[in-house]
Amino acid sequence: MKDYPASAIRNFAVVGHASSGKTMLCEAMQVCSGRIGRMGSIAAGTTVSDYHPAEKAHQISVHATLLSAEWMERKFNIIDTPGCADFISEGLGALRVGDFALVVINAAHGLGYGTDTVWEQATLHNLPKMIVINALDKANLDFEATLAATREHFGKNVFPITLPLDAGPGFSRVLDVMRNEVITYRPGSNGRYEEKPADGPLAERVQQLHRELIEFIAESDDTLMEKFFAQGALSEEELRAGLHKAIQSQVFVPLFSVSAETNVGVARLMEFIAKYGASPVDREEVPATDASGLPGVVKLTQPEPVAYVFKTMNEAGVGELSLFRLYSGTIHSGEELFNSDRQLSERIGQLYTLNGGDRTPVPTLHAGDIGAVVKLRETRTGHTLCSPRFVVTLPKITFPRPNIHGALKLRAKGDEDKLAAGLATLHAEDPTFLYRVDDEIHQTIVSGQGEIHLQVICERLLRRFNVVVELE
């Protein structure tokens with residue numbers, strides 16, 4: 001994959017309630033971009049995103065997984081996140097480093113409380129949103145009701161860019177409002193399609209929606225608003241130029257109709273992201289705290305590197321892997337950076353770009369990009385790495401407190417040291433998991449976000465540290 005300037009990078013978190021179809025949407029994007037030849041499946045454990053043993057065993061996403069794709073001369077850094085509330089920390093990390101949120105809603109299930117959680121977090125980070133209504137190939141759907149509920153819940157500025165024409169089993173056609181076209185997707189889940197102009201009642205509907213779209217765009221720009229009132233319309237060029245700004249200011253939230261499993265509507269979504277999605281340039285300054293504890297900023301264009309580590313995990317055959325976003329400068333393998341949280345130097349080892357479990361070594365990473373580095377000694381989730389000539393600390397993620405607790409009972413005596421080392425490592429990787437030794441009752445107490453969370457912790461202790469425990 002070639003180097004891309006910050007303006008051509010699209011960093012986004014795919015978020016939503018459990019079972020909304022986020023992983024399969026990411027899988028469809030992989031097919032459209034040519035990264036994989038055909039769709040995998042969650043049941044078979046063959047998706048690019050859900051490659052960890054726990055994800056295959058439970059058939060849910062457990063980790064935030066970084067994927068990459070190239071589309072229309074743009075680089076997509078896609079972060080697929082778990083929908084299960086037990087692993088909310090993964091979504092929070094992804095939203096912390098993304099430039100916009102792609103919020104997925106299952107048409108058959110409705111909004112779900114998890115949708116509210118990620119929406120609120122995206123708003124907290126001032127991220128623009130795009131909405132995907134997924135699973136439109138399922139039976140007994142009412143798209144119009146789902147659209148109405150979404151607009152009622154999130155605001156009247158939610159606007160459909162594509163509408164399904166044959167929602168339900170066999171879904172293959174969408175009406176494209178911006179292009180005034182009917183797009184028909186070919187069978188085979190390859191994402192390829194044919195276009196033809198809308199006519200008759202469909203053309204009338206597009207014209208009505210097109211006018212509503214122009215009004216939204218005019219609202220985001222005073223100059224365009226004046227032209228709109230003076231002329232009653234905007235040119236195609238003015239419309240497209242204003243669209244990006246309207247999304248960034250969140251006066252307009254685009255909505256797309258797709259079926260991820262059959263790869264219908266996904267290619268058009270990707271085209272829209274490539275043309276109008278937020279890039280690192282849209283957030284060219286981010287707040288930071290300087291070495292004196294005073295407020296400061298990190299600028300995308302400054303030469304000194306500043307990176308934020310949003311996830312640490314252990315990978316078989318590699319060891320500890322730290323995922324980070326680079327907010328400024330360039331990082332090279334082998335250079336020394338300063339960990340401003342721990343007040344010590346870290347040597348940067350081999351750098352990688354990731355696509356699920358596939359790691360591609362790279363010599364450098366540039367401002368705006370997301371990548372990974374192996375075997376940092378003291379750096380953990382939430383830490384800032386920066387140039388020793390420009391010492392700053394980036395704001396940290398606020399993680400929720402645990403809401404469930406249990407006691408660990410060792411199966412074999414003599415494993416106490418291994419258990420202690422394993423728990424310390426797992427806490428460093430996942431700050432929402434806590435543990436302590438209760439001296440009064442002589443038990444190790446573990447705390448997490450839910451039963452599945454603690455169950456997965458016990459599985460990791462066995463798989464990685466060969467420690468067998470019972471959870472009481």
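I will try to describe carefully the structure that is included in this document. (Residues numbered from 1 in each chain as written. Predicted model: local features only at pLDDT ≥ 70, side-chain atom pairs only at ≥ 80, totals over all residues. Heavy atoms only, no water.)

1. What to know about the sheet that holds strand 17 (residues 336–339)
Spatially, 8 strands are ordered 18-17-23-14-15-22-19-20 in an open sheet, and the strand pairing comes out antiparallel. Every other strand in the sheet has two partners, leaving strand 18 (344–347) and strand 20 (358–362) as the edge strands with one partner each. For this sheet, the mean inter-axis angle between neighbouring strands, taken without regard to orientation, is 40 degrees. By the bridge criterion, 3 bridges tie strand 14 (residues 306–315) to strand 23 (residues 384–386) in an arrangement that is antiparallel. Within strand 23, the residue paired with Tyr308 across the bridge is Thr384. (Pairing = 2+ DSSP bridges. Helix = DSSP H or I, 4+ residues; strand = E, 2+ residues; numbered from the N terminus. Axes fitted to C-alpha atoms, helices over the stretch in contact; angles between N-to-C directions.)

2. So, the nonpolar core
Ranked by size, the top nonpolar core spans 111 residues in total, and within it Leu25, Met29 and Leu102 carry the most contacts. The greatest single-element share of this core, amounting to 8 residues, is contributed by helix 9 (residues 266–276). With near-sequence residues (within four places) excluded, Leu102 lies in contact with Phe12, Ala13, Val14, Val15, Leu25, Met29, Met130, Val132, Leu269 and Ile273. (Core = buried A, V, L, I, M, F, W, Y, C linked by side-chain atoms within 4.5 Å. Buried < 20%, exposed > 50% of the residue type's maximum accessible area, 1.4 Å probe, protein only. Contact = heavy atoms within 4.5 Å.)

3. Re the packing of helix 1 (residues 22–33) against helix 9
Geometrically, a packed helix pair is captured by the angle between its two axes and the distance between the axes. Taken N-terminus to C-terminus, the directions of helix 1 and helix 9 make an angle of 80 degrees; their axes are 9 Å apart at the nearest point. Considered as vectors, helix 1 and helix 9 are oriented roughly perpendicular to each other. Contact with helix 1, carried on its side by Leu25, Ala28, Met29, Cys32 and Ser33, involves Val266, Ala267, Leu269, Met270 and Ile273 of helix 9 and no other residues of that element. A class-by-class count of the residues in the contact of helix 1 with helix 9 yields 9 nonpolar, 1 polar and no charged. (Parallel < 35°, antiparallel > 145°, perpendicular 65-115°, else oblique. Nonpolar A, V, L, I, M, F, W, Y, C, P; charged D, E, K, R; others polar.)

4. Focus: the pattern of salt bridges
With the rule as written, the count across this model stands at 21 salt bridges. In this structure, Lys2 and Glu73 form a salt bridge, with 2.7 Å as the shortest nitrogen-oxygen distance. With Lys2 in the segment before strand 1 (9–16) and Glu73 in the loop between strand 2 (65–71) and strand 3 (74–80), this residue pair connects regions lying 71 residues apart in the sequence. Lys2 gets classed as partly exposed once you look at its relative accessible area, which sits at 45%. Of the charged contacts, one joins Glu271 and Arg268 as a salt bridge, the two residues approaching to 3.7 Å between their closest N and O atoms. (Salt bridge = Lys/Arg side-chain N within 4 Å of Asp/Glu carboxyl O.)

5. A short note on the packing of aromatic side chains
Applying the stated criterion across every chain yields a total of 10 aromatic pairs. Taking 5.3 Å as the distance between ring centres and 55 degrees as the angle between the ring planes, the aromatic pair formed by Tyr185 and Tyr193 counts as tilted. The class for Tyr185 is buried, based on a relative accessible area of 4%. Sitting over the ring of Tyr308, Arg96 keeps its end group 4.0 Å from the ring centre. (Phe/Tyr/Trp six-rings, centres within 6.5 Å; stacked < 30°, edge-to-face > 60°. Lys NZ or Arg CZ within 6 Å of the ring centre and 35° of its normal.)

6. Thoughts on the sheet that holds strand 11 (residues 253–257)
Pairing is mixed across the open sheet formed by 7 strands, whose spatial order is 2-3-1-4-5-11-6. A single partner strand is all that each edge strand has here, and the edge strands are strand 2 and strand 6 (158–160). Put simply, the sheet's adjacent strands are angled 25 degrees from each other on average, direction ignored. Note: strand 4 (residues 100–106) against strand 5 (residues 129–134), 6 bridges, orientation parallel. In the sheet register, Ile105 faces strand 5, and the bridge partner there is Ile133. Here helix 3 (residues 88–97) sits on the sheet in contact with strand 1, strand 3 and strand 4, set at roughly 150 degrees to strand 1. Of the strands in this sheet, strand 4, strand 5, strand 6 and strand 11 touch helix 5 (residues 143–154), which is tilted by about 155 degrees from strand 5.

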